[in-house]
Amino acid sequence: MKLNVVPSPHIKTTDSVPRIMFDVILALIPALVAAVYFFGVRALVLALIGIFGGELLEIIIMRYIRGIKDFKPDGSAAVTGLLLAMNVNVGLPIWVFTTGLIAALVLGKHVYGGIGKNPFNPALVGRVFLLVSFPSYMTTWWAPKYWKLEALTTATPLGLLKEKGMEAVGFSYSQLFLGNTGGCLGEVSALALIIGFLYLVFRKRIKILIPVSYLGVVLILSSIFWMVNPERFGTPLLHLLSGGLMLGALFMATDMVTTPMTPKGHLIFGAGCGVITMIIRYFAGYPEGVSFSILIMNSLTPLIDMYTRPKIFGKSMGVSGQ
Amino acid sequence: MKLLTFKGGVHPPERKELASSRKIEVLPPPSVVKIFLANHGGAPAKPLVQEGDTVKVGQKIGEASGFISANVHASLAGVVRGIEKILHPVQEKPMEAIVIEKAEGEENWEFITPHGDFNRFSPREIVELIKEAGIVGLGGAMFPTHVKLTPPEGKTIDLLIINGAECEPYLTIDHRLMLEKPKEIARGIKILMHALGVKRAIIGIESNKPDAVESMRAACQGEPIEVAVLKTKYPQGAEKQLIYAISGRVVPAGGLPLDMGVVVQNVGTCLAVYNAVEHGIPLVERGLTVTGKGVKNTANLVVRIGTLTSTILEHVGGLTDDVDRVLFGGPMMGIAIRSLDTPILKGTSGITALTADEVKGPTPRTCIRCSRCVEACPMNLQPYLLDLLAKKRLYDQAVEQGLMDCIECGSCSYICPSGVEHVKSIKLAKKVYRALRGGGKK
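How each quantity is defined
- Residues numbered from 1 in each chain as written.
- Chains lettered and ligands numbered in written order.
- Predicted model: local features only at pLDDT ≥ 70, side-chain atom pairs only at ≥ 80, totals over all residues.
- Heavy atoms only, no water.
- Helix = DSSP H or I, 4+ residues; strand = E, 2+ residues; numbered from the N terminus.
- Rg over C-alpha atoms; globule rule 2.2 N^0.38 Å.
- Buried < 20%, exposed > 50% of the residue type's maximum accessible area, 1.4 Å probe, protein only.
- Lys, Arg positive; Asp, Glu negative; His and termini not counted.
- Charge placed at Lys NZ, Arg CZ, Asp CG, Glu CD.
- Contact = heavy atoms within 4.5 Å.
- Buried area = accessible area lost by both parts, 1.4 Å probe.
- Salt bridge = Lys/Arg side-chain N within 4 Å of Asp/Glu carboxyl O.
- Polar contact = N/O pair within 3.5 Å; in protein donor to acceptor, adjacent residues only side chain to side chain.
- Pairing = 2+ DSSP bridges.
- Disulfide = S-S within 2.5 Å.
- Domains from an automatic or database assignment.
- Nonpolar A, V, L, I, M, F, W, Y, C, P; charged D, E, K, R; others polar.
- Axes fitted to C-alpha atoms, helices over the stretch in contact; angles between N-to-C directions.
- Parallel < 35°, antiparallel > 145°, perpendicular 65-115°, else oblique.
- Phe/Tyr/Trp six-rings, centres within 6.5 Å; stacked < 30°, edge-to-face > 60°.
- Lys NZ or Arg CZ within 6 Å of the ring centre and 35° of its normal.
- Core = buried A, V, L, I, M, F, W, Y, C linked by side-chain atoms within 4.5 Å.

### Focus on the overall build of chain A
- Assigned secondary structure in chain A consists of 15 helices and zero strands.
- The C-alpha radius of gyration of chain A comes to 20 Å, within 12% of the 20 Å expected for a compact globule of 322 residues.
- Summarising its shape, the C-alpha atoms of chain A cover approximately 75 × 50 × 35 Å along the three principal directions.
- For chain A, buried positions account for 57% of its 322 residues.
- Considering chain A, the positive charge centre built from 25 side chains and the negative charge centre built from 14 side chains are found 9 Å apart.

Written as structure tokens, this is what we have:
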């Protein structure tokens, strides 16, 4: 009889990378439903191109460009594609979106060696690529219209705040919370994003301390600035509920590959995102800073990892990183 | 009530139900045994017999050589057929084993003298008796027990911890021993307390064995022995984690429990101590669990040391057709054996036969930095980083990051959704590092 001789442990988790990715996609479904409800079927078209186009593109890259013939899809490219769709406006031409998808997977992921090796969140690389390459396409905001897409443009709450101040925002908080505002597909409904996030928490699929510290820091900073000058800086609730913050904090800043590995590192990462987001929102040229803040913190991840190494059980002092 | 525990760990499927209801049976003496001279950690024993000698059960056939070594006794009455070199499952190289063939008729025994009520003996005499009996840690590490009971000058021991956690999935022998031999175990604990001169002993048992908790509490009534209920979490029974859970003491990295005034013994070892001191029986047999979906029937057996795996498996009806591997120990830390002719060691707590279905894991992929291994590591290491450094052969850096502190419990490799085998690369890196360092530290 041939006995298999391999090292321990001999039993393994039933979990796997494809299952994790599948759960992330499931968690984004409420936000997608909200996007379709408010922006129409075109939102669904973009999402499907993201999911299936992303996977197809990754298979082509892996099998035919990188020459890994036995590559088995793991669903991560579908997540990237869907997140990218969540990060663009509903009227974005398909060819522009596809260009962004290619940039996300090629420049954001495979030039570094593929999954696990990329320092930056690929979907955000794609989004920023589009933002600097096609600024007008990317910042044309469409009014939410039930089921029919009209070429009406509208400003986002944060855009209005930046240009005209709190008085001009004119959206109610329930509108912001439920999703009846202009913005990217995934930005409109905080509620839908929170539902998806809770699912990931329940399934233990998320570095939960990152959004906690991210949103916590945004709440603290926006409260302080609101007390200083409510008209110029806006209310804390406006900052929490509008723009890409919820999408970014719950789904982009929690990307496993590009974030630190320890609880302390997660707190620092989230806090850093919060501070940078608010600095951009208050003082920089863009009305919104979520994407940039996460990308900047992505670049600091190795450094955070190095300085937050856990104290080994039984060692009197922590091990310093080299 | 809050259950005692440690930080980290995992919850693999326990599968204790496969064997936990099987009463302990005594396997009849086999026709042949092969007893390794290195049936313990440290230096192999020196053989005292040669081919053709007639031996009794309990007769000393190997003499401890050096401080960390243990005596070896014949586990069968019969004739020595020679010294054979066979693959040692723990040392992973061919090692000498004494082959004894069973003689016909009644078994002759040889007992350790003196023996009897332990109160007659001084602590020193008890340690000598335990040494004579060749007792080693039966939990699996096989560290000579008398060495643990001989703290170096200047170290005082004030707490004896008895490991009844049995956190390893599938295995149930300690559970059964606590149910069926609680009085004897309690007596063994008292002997160890006497030998160490400690006033307090605590038995740690995981919460998934409430009947064992009851049983041991009843047996220890009126004695200075407490029973602590531990959270059911792997690796709750790992020495440092157990000490922390029970006493809050942290054993320093690279240090030993006795640095913190603690000695840990497994429940099976306590029973062996009782048998040796009060009945003069050296360590010639032990309890083990035969389990897994790869065996036709499961069992908890008392078997002679050196019994061939195949003999034990025959007793339970053999292996199923879809068996993938056979382990000495449980699925988390067990060692896969190459041949069913491998004889069991003093430290073999179970024979686990797993089917292809039971060993199924995720398709191996690149680490996605999910950080579950970091959360799971009971030593607070970063397994993903150690794996990375080991694969890059950056051994010095790996050591800086705690390579040598890894207890190889397997929690990281168990939990990894990318199927990364951290423990495999860590074990290899440790070996290479030791070899590069000239084998300085064992």
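Moving on from the coordinates now.
### Thoughts on the interface of chain A and chain B
- The interface is formed by 46 residues belonging to chain A together with 64 residues belonging to chain B.
- Of the roughly 4500 Å² buried between chain A and chain B on both sides combined, carbon and sulfur atoms contribute 60%.
- Together, A:Ile11, A:Met261 and A:Phe313 form the three largest contributors to the area buried by chain A at its contact with chain B, with a combined 19%.
- Seen at the junction of chain A and chain B, the total is four salt bridges.
- The shortest N-O distance in the salt bridge between A:Lys12 and B:Glu421 comes to 3.8 Å.
- On the surface where chain A and chain B come into contact, there are 18 residue pairs in polar contact (both at pLDDT 80 or more).
- Secondary-structure elements contributing two or more residues to the side of chain A that touches chain B are α1 (17–39) and α15 (290–307) of chain A.
- Counting residues per element, the side of chain A that touches chain B draws most heavily on α1(A), which supplies three residues.

### Observations regarding the pairing of strand β17 (residues 350–355) of chain B
All names here are of chain B.
- Burial runs high along β17: six of the six residues are buried.
- Along β17, one buried face is formed by Gly-350, Thr-352 and Leu-354 and the opposite face, lined by Ile-351, Ala-353 and Thr-355, is buried too.
- In this sheet, β17 lies alongside strand β13 (residues 285–291) in parallel orientation, the contact comprising three bridges. What sits directly across from Thr-291, in β17, is Thr-352.
- Strand direction decides the pairing type here: strand β15 (residues 323–328) and β17, joined by five bridges, are antiparallel. Residue Leu-327 lies in a different strand from β17, and its bridge partner there is Thr-352.

### A look at the pairing of strand β5 (residues 60–63) of chain B
- Two elements, strand β3 (residues 46–47) of chain B and β5(B), share two bridges in a ladder whose sense is antiparallel. The partner of B:Pro47 across the bridge, within β5(B), is B:Gly62.

### Some remarks on the sheet that holds β13(B)
Residue and element names in this part refer to chain B.
- With mixed pairing, the six strands of this open sheet are ordered in space as β1-β14-β13-β17-β15-β16. Each edge of the open sheet is held by one strand with a lone partner, namely β1 (24–26) and β16 (335–336).
- Bridge count between β1 and strand β14 (residues 299–304): three bridges; the pairing is parallel. Looking across to β14, one finds that Val-26 is bridged to Val-302.

### Considering the state of the cysteines
All names here are of chain B.
- Throughout the structure, instances matching the rule amount to zero disulfides over all chains.
- Counting only cysteine sulfurs, Cys-367 is the nearest neighbor of Cys-373, a cysteine outside any disulfide, at a range of 6.4 Å.
- Look at Cys-373 and you get buried, because its relative accessible area is 8%.

### A word on the domain arrangement of chain B
All names here are of chain B.
- By the assigned domains, chain B splits into domain 1 (16–20 + 115–279) and domain 2 (372–436).
- Contacts between the two partners involve seven residues from domain 1, matched on the other side by six residues from domain 2.
- Summing both partners gives a buried area of about 460 Å² for domain 1 against domain 2, and 59% of it is carried by carbon and sulfur.
- The largest contributions to the domain 1 side of the interface with domain 2 come from Tyr-234, Pro-235 and Gln-241, which together make up 68% of the buried area.
- Between domain 1 and domain 2 we count zero salt bridges in total.
- Counting every contact that joins domain 1 to domain 2 gives two residue pairs in polar contact (both at pLDDT 80 or more).
- Residue classes in the side of domain 1 that touches domain 2 are distributed as four nonpolar, two polar and one charged.

### Some words on the packing of helix α3 (residues 173–180) of chain B against helix α7 (residues 267–279) of chain B
Residues and elements named next belong to chain B.
- In the contact formed by α3 and α7, the axes pass within 9 Å of each other and the chain directions differ by 50°. Compared by their axis directions, α3 and α7 come out oblique. Taking contact as the criterion, the partners of Asp-174, Leu-177 and Met-178 in α3 are, on α7, Val-267, Gly-268 and Leu-271.
- Broken down by class, the residue content of the contact of α3 with α7 amounts to four nonpolar, one polar and one charged.

### Section: the sheet that holds β3(B)
- Pairing in this open sheet of three strands is antiparallel, and the strands run β3-β5-β6 (chain B) from one edge to the other. Strands with a single pairing partner mark the edges of an open sheet, and in this sheet they are β3 and β6 (72–73) of chain B.

### Points about the packing of aromatic side chains
- Counted under the stated rule, the structure contains 13 aromatic pairs over all chains.
- Ring plane angle 85° and centroid distance 5.5 Å describe the contact between A:Trp95 and A:Phe134, whose orientation is recorded as edge-to-face. One end of the pair, A:Trp95, is in helix α4 (residues 94–106); the other, A:Phe134, is in the loop between α5 (122–133) and α6 (135–138), and 39 residues separate them in sequence.
- A relative accessible area of 17% places A:Phe134 in the buried class.
- Both rings, one in A:Phe134 and one in A:Tyr137, keep their centres 6.2 Å apart while their planes meet at 50°; by these two values the pair is tilted.
- Grouping aromatic residues by their ring pairs yields a cluster made of A:Phe225, A:Phe233, A:Tyr282 and A:Phe283.
- Looking at B:Lys233, its charged tip hangs above the ring of B:Phe6, at a distance of 4.4 Å from the centre.

### What to know about the nonpolar core
- A:Leu185, A:Tyr214, A:Phe251, A:Ile294 and B:Ile368 are the most contacted members of the largest nonpolar core, which totals 79 residues.
- It is α1(A) that provides the largest number of residues to this core, a total of 14 residues.
- B:Ile112, B:Val127, B:Ile130 and B:Ile189 belong to the second-largest nonpolar core, a separate cluster that totals 59 residues.

### Regarding the pattern of salt bridges
Residues and elements named next belong to chain B.
- Evaluated as defined, the whole model comprises 29 salt bridges over all chains.
- The partner of Arg-304 in a salt bridge is Glu-107, and the shortest N-O contact between them spans 2.9 Å. A residue pair is termed long-range when its members are at least 10 positions apart, and Arg-304 in strand β14 and Glu-107 in the loop between β8 (94–102) and α1 (123–132) qualify at 197 residues.
- Asp-396 is the partner of Arg-437 in a salt bridge, and the nearest nitrogen-oxygen pair spans 3.7 Å. Taken as a pair, Arg-437 in the segment after α13 (422–436) and Asp-396 in helix α11 (residues 395–400) lie far apart in primary sequence, 41 residues in all.

### Overview of the side chain of B:Asn71
All names here are of chain B.
- The topology assignment puts Asn-71 in the loop between β5 and β6.
- Here the side chain of Asn-71 touches Glu-132 through a polar contact of 3.3 Å, landing on its backbone oxygen.
- Aside from chain neighbours lying at most four places away, what touches Asn-71 is Lys-60, Gly-62, Glu-63, Ala-64, Lys-131, Glu-132, Gly-134 and Lys-346.

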